[in-house]
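Survey of secondary and tertiary structure
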Amino acid sequence: MRSAIVDRALDPAGLAAAVSAPDCGAVLLFVGAVRETNDGREVSGIEYTAYRPMAERELADIVREAEARFAGARVAAEHRVGALAVGEASVAIAVGHGHRGAAYDASRYVIEEVKRRLPVWKRERYADGTREWVHAGTGAASALPGAR
Amino acid sequence: MRSAIVDRALDPAGLAAAVSAPDCGAVLLFVGAVRETNDGREVSGIEYTAYRPMAERELADIVREAEARFAGARVAAEHRVGALAVGEASVAIAVGHGHRGAAYDASRYVIEEVKRRLPVWKRERYADGTREWVHAGTGAASALPGAR
Amino acid sequence: MPLRVLLFASYADALGASEVDVTLPANATVRDVVAQLRARGGAERLPPAPLVAVNQRYAGPDTPVSERDEVAVIPPVAGG
Amino acid sequence: MPLRVLLFASYADALGASEVDVTLPANATVRDVVAQLRARGGAERLPPAPLVAVNQRYAGPDTPVSERDEVAVIPPVAGG
């Protein structure tokens with residue numbers, strides 16, 4: 001397993017190489033990138049911030065959970081923080097597995113858990129010069145991950 | 001859309017680039033590669049053959065179907081034929097979409113349809129010098145794709 | 001009528017050729033092509049109802065075939 | 001007892017600081033931390049029960065906190 005919160009450009013190909021192996025029939029690489037529009041507004045960039053030590057531990061936990069749930073999976077994930085331009089990658093998740101079904105399931109597990117509980121926030125900058133924190137859900141406490 | 005049956009090394013990064021765009025929040029890349037063992041036997045390589053004109057049309061159909069089923073998806077897929085060594089990529093599928101759910105579903109659709117109906121066959125070479133055609137299923141006609 | 005039938009992979013091995021010529025009755029169908037093939041040496045290694053493509057599309061047993069059609073018998077596929 | 005509470009993103013904007021110091025009773029819990037925060041200016045922009053992490057793990061309202069703990073109030077996350 002490999003995971004990191006980084007403040008440089010992500011290296012999806014390096015992550016994919018890290019999970020490849022001779023017993024590995026399937027490699028799945030997910031890359032999430034900054035979109036040019038959100039809710040109809042033209043986005044010029046996104047600033048990601050994190051509660052970094054917790055985010056690093058949480059991402060490592062998520063990757064370890066995926067490897068435990070999907071036996072044989074090799075998982076590597078990185079999330080970027082800082083100022084990103086449109087088209088730049090914010091998150092990359094690579095999964096290697098002998099069988100494609102487990103590769104898809106493990107990859108999906110990681111991205112859904114990242115969205116649910118990684119303490120990372122983003123502030124969008126718009127073409128009109130304004131900027132705003134983006135809340136994935138409604139912001140209601142009920143939508144948040146429960147205490148463990 | 002982009003699809004091809006090729007007899008050279010695949011270019012997964014090129015496929016991923018082909019489906020990326022500023023309105024594209026998620027890019028998913030699936031790469032299938034030759035495994036070193038199958039059913040407990042040590043594999044030294046695989047020779048892929050195809051009914052090539054039909055395989056080219058069928059892969060193009062699958063890619064177009066994925067783009068139609070998952071509106072907004074951009075899909076690119078390549079399947080390699082010829083003699084492949086362990087670890088070499090036999091199939092690569094890239095999907096770009098504004099939303100990750102559709103990207104995963106479209107990618108899965110393409111690989112499952114490739115496995116179900118692409119007229120491609122593989123003969124494994126084993127460490128002991130023998131070689132054998134590999135049938136994904138039982139070889140029973142009932143397991144094959146129905147006429148359309 | 002005469003028809004050339006394409007064979008691949010394990011089916012080509014079974015019949016010892018990647019193409020075989022068969023002779024069909026008028027108004028023949030895919031079923032007739034399979035029956036002709038099954039009368040040949042080695043055909044016992046084919047399933048009773050192998051998959052067939054006509055003009056590069058999967059075709060059911062009642063699909064008509066003419067001598068202008070490209071007909072292929074398709075072993076269980078194993079791509080990916 | 002005194003406790004420094006970490007704030008992030010929109011919550012830091014709401015309270016005008018990325019860290020605030022609160023004073024808690026003995027045997028305090030996460031619930032007490034939230035109550036102290038909600039008494040401050042700008043806290044009307046926090047939800048009634050914001051998510052809290054104690055020592056970098058999500059923690060329920062009954063989780064005990066001591067002055068040696070690292071306590072953070074976590075806005076709705078938006079990673080990925």
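Residues numbered from 1 in each chain as written. Chains lettered and ligands numbered in written order. Predicted model: local features only at pLDDT ≥ 70, side-chain atom pairs only at ≥ 80, totals over all residues. Heavy atoms only, no water.

Contact residues are listed per partner, giving 23 residues for chain C and 33 residues for chain B. A combined buried area of about 2400 Å² lies between chain C and chain B, and 61% of that area is made up of carbon and sulfur atoms. One can count 2 salt bridges joining chain C with chain B. Among the ionic pairs, arginine 123 of chain B bridges to aspartate 13 of chain C, the shortest N-O distance being 3.7 Å. Summed over the shared surface of chain C and chain B, the result is 12 residue pairs in polar contact (both at pLDDT 80 or more). Elements that contribute at least two residues to the side of chain C that touches chain B include exactly helix 1 (9–15), strand 3 (51–54), strand 4 (57–59) and strand 5 (71–74) of chain C. Within the side of chain C that touches chain B, the residues separate by chemical class into 15 nonpolar, 5 polar and 3 charged. (Contact = heavy atoms within 4.5 Å. Buried area = accessible area lost by both parts, 1.4 Å probe. Salt bridge = Lys/Arg side-chain N within 4 Å of Asp/Glu carboxyl O. Polar contact = N/O pair within 3.5 Å; in protein donor to acceptor, adjacent residues only side chain to side chain. Helix = DSSP H or I, 4+ residues; strand = E, 2+ residues; numbered from the N terminus. Nonpolar A, V, L, I, M, F, W, Y, C, P; charged D, E, K, R; others polar.)

Before going further, it helps to spend a moment on the interface of chain D and chain A. Each side of the interface is counted separately: chain D has 22 residues, and chain A has 33 residues. Of the roughly 2400 Å² buried between chain D and chain A on both sides combined, carbon and sulfur atoms contribute 61%. In terms of surface lost to chain A, no three residues of chain D exceed Gln56, Tyr58 and Gly80 of chain D, which account for 29% of the buried area on that side. Inspection of the chain D/chain A interface yields 2 salt bridges. Counting across the interface, chain D meets chain A through 12 residue pairs in polar contact (both at pLDDT 80 or more). For the side of chain D that touches chain A, the elements supplying multiple residues, two or more each, are helix 1 (9–15), strand 3 (51–54), strand 4 (57–59) and strand 5 (71–74) of chain D.

The subject of this paragraph is the pairing of strand 8 (residues 120–126) of chain B. Residues and elements named next belong to chain B. Within strand 8, 6 of the 7 residues are buried, which leaves the element mostly enclosed by the surrounding structure. For strand 4 (residues 41–50) and strand 8, the ladder comprises 7 bridges, and the chain directions are antiparallel. Residue glutamate 47 lies in a different strand from strand 8, and its bridge partner there is arginine 123. Bridge count for strand 8 against strand 9 (residues 131–134) is 4 bridges, and the pairing is antiparallel. Paired with lysine 122 across the two strands is valine 134, which belongs to strand 9. Between strand 8 and strand 9, which pair antiparallel in sequence order, lie 4 residues; one of them, glycine 129, sits at a positive phi of approximately 95°. (Buried < 20%, exposed > 50% of the residue type's maximum accessible area, 1.4 Å probe, protein only. Pairing = 2+ DSSP bridges.)

As a working rule, side chains carrying opposite charge can pair if their charged atoms are close by. Going through the model one piece at a time under the given rule, you end up with 48 salt bridges over all chains. With its nearest N and O atoms 2.6 Å apart, the salt bridge here joins arginine 31 of chain C to aspartate 62 of chain C. Linking arginine 31 of chain C in helix 2 (residues 30–38) with aspartate 62 of chain C in the loop between strand 4 and strand 5, this pair joins segments that are 31 residues apart in sequence. Looking at arginine 31 of chain C, the relative accessible area reads 45%, which means it is partly exposed. With a relative accessible area of 53%, aspartate 62 of chain C lands in the exposed category. Put simply, Arg57, Glu58, Asp61, Arg64, Glu65, Glu113, Arg116 and Arg117 of chain A together with Arg57 of chain D are held in one network by salt bridges that share partners.

Now for the sheet that holds strand 2 (residues 26–33) of chain A. Spatially, 1(A)-5(A)-7(A)-2(A)-2(B)-7(B)-5(B)-1(B) is the arrangement adopted by the 8 strands of the open sheet, whose pairing is mixed. At either end of the open sheet lies a strand with only one pairing partner, and these are strand 1 (2–6) of chain A together with strand 1 (2–6) of chain B. In this sheet, neighbouring strand axes are inclined to one another by 5° on average, regardless of whether the strands run parallel or antiparallel. In the sheet, strand 1 of chain A pairs with strand 5 (residues 74–80) of chain A via 5 bridges, with the strands oriented parallel. Of the residues in strand 5 of chain A, the one forming a bridge with isoleucine 5 of chain A is histidine 79 of chain A. The strands touched by helix 1 (residues 12–19) of chain A within the sheet are strand 1, strand 2, strand 5 and strand 7 (89–97) of chain A, with strand 7 of chain A carrying the most contacts at an inclination of about 20°. Along the sheet, helix 2 (residues 52–69) of chain B makes contact with strand 1 and strand 5 (74–80) of chain B, crossing strand 1 of chain B at roughly 155°. (Axes fitted to C-alpha atoms, helices over the stretch in contact; angles between N-to-C directions.)

Here the focus is helix 2 of chain B. For helix 2 of chain B, built from 18 residues, the straight-helix expectation of 26 Å at 1.5 Å per residue is met to within 8% by its first-to-last C-alpha distance of 25 Å. Looking only at helix 2 of chain B, the buried set comprises Met54, Ala55, Arg57, Glu58, Leu59, Ala60, Asp61, Ile62, Val63, Ala66 and Glu67 of chain B. (Expected span 1.5 Å × (residues − 1).)

Residues and elements named next belong to chain C. Unlike most non-glycine residues, asparagine 27 shows phi in positive territory, near 55°. In this structure, asparagine 27 sits in the loop between strand 2 (19–23) and helix 2. We classify asparagine 27 as exposed; its relative accessible area is 75%. Its identity as a non-glycine residue notwithstanding, asparagine 55 has a phi of 50°, on the positive side.

Right, let's get into the arrangement of the chains. In this assembly chain B lies apart from chain D, the nearest approach of their C-alpha atoms being 10 Å. When C-alpha atoms are compared, chain C and chain D, though not in contact, are closest at a spacing of 29 Å.

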